[in-house]
Amino acid sequence: MAKMEVKTSLLDDMIGVGDMVLLEPLDEDSFINNLKKRFDHNEVYTYIGSVVISINPYRSLPIYTPEKVEEYRNRNFYELSPHIFALSDEAYRSLRDQDKDQCILITGESGAGKTEASKLVMSYVAAVCGKGAEVNQVKEQLLQSNPVLEAFGNAKTVRNDNSSRFGKYMDIEFDFKGDPLGGVISNYLLEKSRVVKQPRGERNFHIFYQILSGASEDFLCKLKLEQDFSRYNYLGLDSAKVNGVDDAANFRTVRNAMQIVGFMDHETQSVFEVVAAVLKLGNIEFKPESRVNGLDESKIKDKNELKEICELTGIDQSVLERAFSFRTVEAKQEKVSTTLNVAQAYYARDALAKNLYSRLFSWLVTRINESIKAQTKVRKKVMGVLDIYGFEIFEDNSFEQFIINYCNEKLQQIFIELTLKEEQEEYIREGIEWTHIEYFNNAIICDLIENNQTGILAMLDEECLRPGTVTDDTFLEKLNQVCATHQHFESRMSKCSRFLNDTTLPHSCFRIQHYAGKVMYQVEGFVDKNNDLLYRDLSQAMWKANHSLIKALFPEGNPAKINLKRPPTAGSQFKASVATLMKNLQTKNPNYIRCIKPNDKKAAHIFNDALVCHQIRYLGLLENVRVRRAGYAFRQAYEPCLERYKMLCKQTWPHWRGPARSGVEVLFNELEIPEEEFSFGRSKIFIRNPRTLFKLEELRKQRLEDLATLIEKIYRGWKCRTRFLLMKKSQVVIASWYRRYAQQKKYQKIKSSAIIVQSYIRGWKARKLLRELKHQRRCNEAATIIAAYWHGTQVRREYRKFFRANAGRKIYEFTLQRLMQKYFLEMKNKMPSLSPIDKNWPARPYLFLDSTHKELKRIFHLWRCKKYRDQFTDQQKLIYEEKLEASELFKDKKALYPASVGQPFQGAYLEISKNPKYKKLKDAVDEKIIIAEVVNKINRANGKATSRIFLLTKNNVLLADQKSGNIKSEVPLGDVTKVSMSSQNDGFFAVHLKEGSGAAGKGDFLLSSDHLIEMATKLYRTTLSQTKQKLNIEISDEFLVQFRQDKVCVKFIQGSQKNGNIPTCKRKNNRLLEVAVP
Ligand SMILES: Nc1ncnc2c1ncn2[C@@H]1O[C@H](COP(=O)(O)OP(=O)(O)OP(=O)(O)O)[C@@H](O)[C@H]1O
Ligand SMILES: [Mg+2]
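Rules and cut-offs
- Counting from 1, residues in each chain are numbered in the order their sequence is written.
- Here every chain gets a letter starting at A, and every ligand a number starting at 1, in the order they are written.
- In view of the model being predicted, local features appear only for residues whose pLDDT reaches at least 70, and side-chain atom pairs are presented and counted only at 80 or more, with totals across whole chains, interfaces and linings using the full set of residues.
- Side-chain numbers come from the whole structure's heavy atoms, not from hydrogens or water.
- When DSSP finds at least two bridges between two strands, those strands are taken to pair.
- Note on conventions: DSSP H or I runs of at least 4 residues are helices, E runs of at least 2 residues are strands, and numbering of each starts at the N terminus.
- All axes here are fitted lines through C-alpha atoms, helices being fitted over the stretch that makes contact, and every angle between N-to-C directions spans 0 to 180 degrees.
- Only heavy atoms enter the contact rule, under which two residues are in contact if any of them lie within 4.5 Å.
- Here the term donor refers to an N, O or S atom within 2.8 Å of the metal (or 3.2 Å for Na, K and Ca), and because water is left out of the atoms, sites may appear incomplete.
- When describing relative orientation, an angle under 35 degrees is termed roughly parallel and one over 145 degrees roughly antiparallel, while 65 to 115 degrees is termed roughly perpendicular and anything else oblique.
- Rotating anticlockwise by less than a right angle from the far helix to the near helix defines a left-handed crossing, while the corresponding clockwise rotation defines a right-handed one.
- Charged means Asp, Glu, Lys or Arg here, nonpolar means Ala, Val, Leu, Ile, Met, Phe, Trp, Tyr, Cys or Pro, and polar covers whatever is left, Gly included.
- In this scheme, a helix's expected span is set at 1.5 Å multiplied by one less than its residue total.
- Buried means the residue's accessible area, taken with a 1.4 Å probe over protein chains only, is under 20% of the maximum for its type, while exposed means over 50%, and partly exposed covers the values in between.
- The directions from the helix axis to the C-beta atoms are what the arc is built from.
- Residues are counted as near a molecule or strand when any one of their heavy atoms sits within 4 Å of it.
- Each polar contact in these results corresponds to two N or O atoms within 3.5 Å; when the atoms are within protein, one needs to be able to donate a hydrogen and the other to accept it, and residues that are neighboring in sequence are counted only if both atoms are side-chain atoms.
- Here a salt bridge means any side-chain nitrogen of Lys or Arg lying within 4 Å of a carboxyl oxygen belonging to Asp or Glu.
- Criterion for a disulfide: a pair of cysteine sulfur atoms at a distance within 2.5 Å.
- For every residue, the predictor states its confidence as a pLDDT score lying anywhere from 0 to 100.

Draft legend 1. Here's a closer look at the sheet that holds strand S17 (residues 634-637). Reading across the sheet, the three strands line up as S17-S19-S18 and stay open at both edges, with antiparallel pairing between neighbours. Two strands in the sheet have a free side with no partner beyond their single neighbour: S17 and strand S18 (678-680). Across the sheet, the mean angle separating the axes of adjacent strands is 15 degrees when strand polarity is ignored. Packing of helix H23 (residues 638-645) onto the sheet brings it into contact with S17, S18 and strand S19 (684-687), and relative to S17 it is tilted by some 100 degrees. Strand contacts of helix H24 (residues 660-670): S18 and S19, with the helix running at about 155 degrees to S18, the strand carrying the most contacts.

Draft legend 2. Inspection of the coordination of the magnesium ion (ligand 2) at higher detail. Surrounding the magnesium ion (ligand 2) are the protein donor atoms Thr115 (OG1) and Ser164 (OG), which sit 1.8 to 2.0 Å from the metal. In this pair, Thr115 is assigned in helix H4 (residues 114-128) and Ser164 in strand S5 (residues 163-164), connecting sequence segments 49 residues apart.

Draft legend 3. Expanded view of the packing of H4 against helix H5 (residues 133-153). It is at 10 Å that the axes of H4 and H5 come closest, and there the two elements cross at 165 degrees. Here H4 is positioned roughly antiparallel relative to H5, judged by the angle of their axes. H4 and H5 meet at a crossing whose hand is left-handed. Listed contacts from H5 to Thr115, Lys119, Met122, Ser123 and Ala126 of H4 are Lys139, Leu142, Leu143, Asn146 and Glu150. Its residues assigned to classes, the contact of H4 with H5 comprises four nonpolar, three polar and three charged.

Draft legend 4. Molecular detail of helix H27 (residues 850-870). For H27, spanning 21 residues, the distance from its first C-alpha to its last is 30 Å, which sits close to the expected 30 Å at 1.5 Å a residue. Those residues of H27 that fall on the buried side of the exposure criterion are His853, Phe860, Arg864 and Cys865. All buried residues of H27 project into a common sector of 135 degrees when viewed along the axis, lining one side. Projecting away from the buried face of H27 at angles above 90 degrees are the exposed residues Ser851 and Asp870. Buried-residue contacts for H27 involve helix H26 (807-830).

Draft legend 5. Representation of the site of ligand 1 in the model. The environment of ligand 1 is made up of 18 residues, and the closest members are Asn56, Ser110, Lys114, Thr115 and Ser163. Take Asn162: an N or O atom from its main chain is 3.4 Å from an oxygen atom of ligand 1. Among the elements of the structure, H4 and S5 are those that each provide at least two residues to the shell around ligand 1. Per-element accounting of the shell around ligand 1 gives the leading share, three residues, to H4. Of the residues in the shell around ligand 1, the class split is four nonpolar, ten polar and four charged.

Draft legend 6. The arrangement of the pattern of salt bridges in detail. One pass over the full model with this rule turns up 60 salt bridges. The partner of Asp97 in a salt bridge is Arg96, and the shortest N-O contact between them spans 2.9 Å. Relative accessible area serves as the criterion here: at 25%, Arg96 is assigned to the partly exposed category. When the shortest N-O distance is used, the salt bridge between Lys684 and Glu426 registers 2.4 Å. Taken as a pair, Lys684 in strand S19 and Glu426 in helix H13 (residues 399-430) lie far apart in primary sequence, 258 residues in all. A relative accessible area of 22% means that Lys684 is categorised as partly exposed. When salt bridges with common partners are traced through the structure, they connect Glu226, Arg231, Lys280, Glu305 and Glu308 into a single cluster.

Draft legend 7. Here's a closer look at the environment of Glu712. With respect to the helices, strands and loops of the structure, Glu712 is situated in helix H25 (residues 690-799). When its relative accessible area of 39% is taken as the criterion, Glu712 is described as partly exposed. Distance from Glu712 to Glu970, taken between C-alpha atoms, is 125 Å for residues 258 residues apart in sequence.

Draft legend 8. Highlighting the state of the cysteines. In total, this model carries zero disulfides according to the counting rule given. In this structure Cys310 is a free cysteine whose sulfur lies 18 Å from that of Cys221, the closest cysteine sulfur available. The thiol of Cys446 is unpaired, and the distance to the nearest cysteine sulfur, on Cys407, comes to 10 Å.

Draft legend 9. Structural view of the sheet that holds strand S22 (residues 956-961). Strand order in this open sheet of eight strands is S23-S22-S21-S20-S26-S25-S24-S27, and the pairing throughout is mixed. Edge positions in the sheet fall to strand S23 (967-972) and strand S27 (1032-1035), since each of these pairs with one other strand and no more. Each strand of the sheet is rotated relative to its neighbour by a mean of 30 degrees, with strand direction disregarded. One ladder, built from four bridges, connects strand S25 (residues 988-993) with strand S26 (residues 1005-1008); its direction is antiparallel. Bridge assignment links Phe989 to a residue of S26, and that residue is Leu1007. Across the sheet, helix H31 (residues 1012-1027) is in contact with strand S20 (929-938), strand S21 (945-953), S22, strand S24 (976-981), S25 and S27; its angle to S20 comes to roughly 125 degrees.

Draft legend 10. Region of the structure containing the confidence of the model for the chain. Residues with a pLDDT of 70 or more make up 97% of the chain, whose mean pLDDT is 87. Segment residues 1-6 is flagged for pLDDT under 50; beyond a separation of four residues in sequence, or across chains, it makes zero contacts in the model.

Draft legend 11. Representation of unusual backbone geometry in the model. In this model, Glu24 is joined to Pro25 through a cis peptide bond whose omega is -5 degrees. Along the chain, Pro25 falls in the segment before helix H1 (28-40). In this structure, Pro654 follows Trp653 across a cis peptide bond, with omega equal to -5 degrees. Phi at Asn42 takes a positive value of approximately 65 degrees, unusual for a residue other than glycine. Tracing the chain through its elements places Asn42 in the loop between H1 and strand S1 (45-48). You will see that Lys602, though not glycine, has its phi angle at about 55 degrees, which is positive. Along the chain, the position of Lys602 falls in the loop between strand S16 (589-596) and helix H21 (609-619).

Draft legend 12. How the structure looks around the side chain of Asn397. By the secondary structure assignment, Asn397 is in the loop between strand S12 (381-387) and H13. Separated by 2.5 Å, the side chain of Asn397 and the backbone nitrogen of Phe394 make a polar contact. In this view, Asn397 contacts Glu392, Val519, Met520, Tyr521 and Gln522; residues no more than four positions away in its chain are not counted.

In structure tokens:
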């Protein structure tokens, strides 16, 4: 699917107007208000046609991200909101695709953001141009040249913490594909006076502070430097630290950048040695020393510093010392040496420092150029980026400011020329009539400065070259004569009486009305700075240095190349280089970035209307808009114009088949736009008034809303219909499935009903047939039976005479007898064993013998038992009798009983007769002992048990002490009335005594024994045989026991297993004794 392209425009979601050309009404207030409104909404860029106005935001905005780069890449200039990237993209594409060399001119006053803008342009171009290892290295080198040059050429000023103190123009070279090949940097006049002196609140060049804060101790030691800023006279103390600037980190960045750019280690080392030497030069001090001729001669106060400098730079100390004390003038092969006084010595020292530094800076630029030079000789396309020091007005303005401001005048000049030229050319190209527009042309100011005869620079040169005494005052005098009548020149002493009483203008100053405002220059130092003199002795001393870099910086010191001609003055050099620059720029397609400073405080969010107004005025921005609008405010190529507004006319919407131009014509006719409001160029439509454009925009907006509604309507309709169709389809599917299901169900039901009906009918038919067949069979059977009976009768009637009447009965009895005989004979052989417990018995052969068979089994068993019993001895008989008795008494009554069945009754468990311990007891009981056993007598008071010997004799029951054998109680069997016990699995029993009997005094006995069943049985039998009365044995879980006077209830409960399997007895209260049986 083809990617849908979304056409956007600068006009979309605009804050204020993105292009000042569209400003309505066009005046200063609305211009400023528009900038302010946009600034407040973080829109720092605004267009005037193709010129970008940039307002310094003084804070980092998130609009320079790689995503933004991608957004602006390959987009038309007016497609997105104004941005420096749009301008860079336009310039780059026009260079790559149309083969046009480009230059990007960045102007604005100090601190307005020129350097930042130039870096943004470079980084954008680097991001969008070709890729590959080699290309990337070139890009990296080009980008990394910035930190190096900024460290050496930028400084903190009152206006800008990172003010460029040199002008920079960089040509970036590209091949035909648009890949970068290399670059060339030109530098313009470094403000070298800063090396030796800085105005209050400003700093020297960054590099000095960076070395001292960032270099390692080792490195500093090598350079013979100390970290403390205050040690160095050349470092102004009052603002050594800049907020938000990390000098140490920047030092590392610079060193890294130098490495990337391609500086060899020894080169970097030499550079820093020179920087150190400059810094240390400032610490050399002089003192006057009287000479014989009465003049003062300067002498170095402390030679230590000098010695270190010489060690560092390889200069012969005596040579340098002499160069600070003498000056040799050579004229016509004659050498004259004069001594220097202290002031001259200081002048020489500072001149040396300034020269060393500025030459080092130029060397750096040359060295960088060597690295970034394009390697191939193919034809190149060039993009120049100009970042020059901005227009500046200080309290004290000197020669440097004069030069800087002159440069800015020239740039303004070229801006005016090129914008007007471009505008004019466009109209000619497009075949549109051109109307002239008034604007301030600063050519007159340029002329005041650079005119070869009457210009200030020419005047200065003339003064410098003139024989005789030349001072700054004589220069001013000259100016006063020559320029007095010039409109833009003001001086108190000029012939023109206008300024005679102007007290704001001191006598030693002149004032120029620059395009950007009036600037008052102090003439002091103009002549010196223009001369830029360095005593030959010093340059020769430098040339003699044993330091290749320093030697190379001072080629004029070579005695073999002595040139007596004066070198060109600083002013004329600068003028020439500016002229070359201008010529260079004029051959290229210009792109403008006009930087504006929103406030003087370097602060974010502050928009100072007056300050901005001033800049707008001198930059001539309003005029720029007017020029742009003079003919037509807005222009656009036909295609994008038609694309944007085609929805406003039926014929062009949605597609116009013909050429774009005729489409636009049709469109404008249809919209009835008055004819004077627009003109058709060759490739563009020109709209005279922004109002018309806004009207178009308004119509477009309304139409877009309608279109949006239409699209929404169609979309909704489409959505509903698709949904409906889908639902319908689904409904059909569901219905068909349901019908099938319903039919299936119905079919199943009918089928099963049919089967049922069918089966019933079949059943009915079958039954009917069966009935018929049965009936038929019965009829047949009946017929047969009748026939049989009939035959039988017939036969019996015929054969009766041959049979006896009771033969049948006899046959029956005989058969029975035979069967019985067979049964008994078989039984005889199958008889089971004689053991009474043998359960085997043969199976019954005939049903009619069932009762016989059972009876036979019973009889056989009884007989077998009898046989078994007959074998018993008398003693065994007794034992079995006893066991039988026990069974009758306790079976199914007492839970203890089943366990006793297998135990033989022994009776005398204690062998009293054999144990001598019980001899006394044996003697006391002369009857036969039936039971002798140890029992537990339960204490009536607490339920605890005491062991007692229990003896049962023929007539008595005795209890004796187990240890001693002493008889404790003796009860005749006649006095025992009852024995009570529980139904449970315990051995407790109570022996109840007859009330009033001799033994009953102490009450009944509550005993417990392991052989309860045996004891109770034997007691019962003995009592029966003795008294002929049956002893009452009560089995109950609750019975009363007589203890002396009280009756106590003994209660048996299913207790816990606390004591294992042993029942426990506990006295609960006076009347209750509780036995817990596990
Ligand atoms: N686009 C920007 N975004 C954020 N901060 C900016 C931007 N442009 C400028 N600045 C801030 O303003 C300061 C001054 O900018 P810059 O150094 O570019 O000024 P300049 O015009 O080059 O001044 P000079 O003429 O003194 O060299 C910068 O150090 C930076 O802090
Ligand atoms: Mg700058």
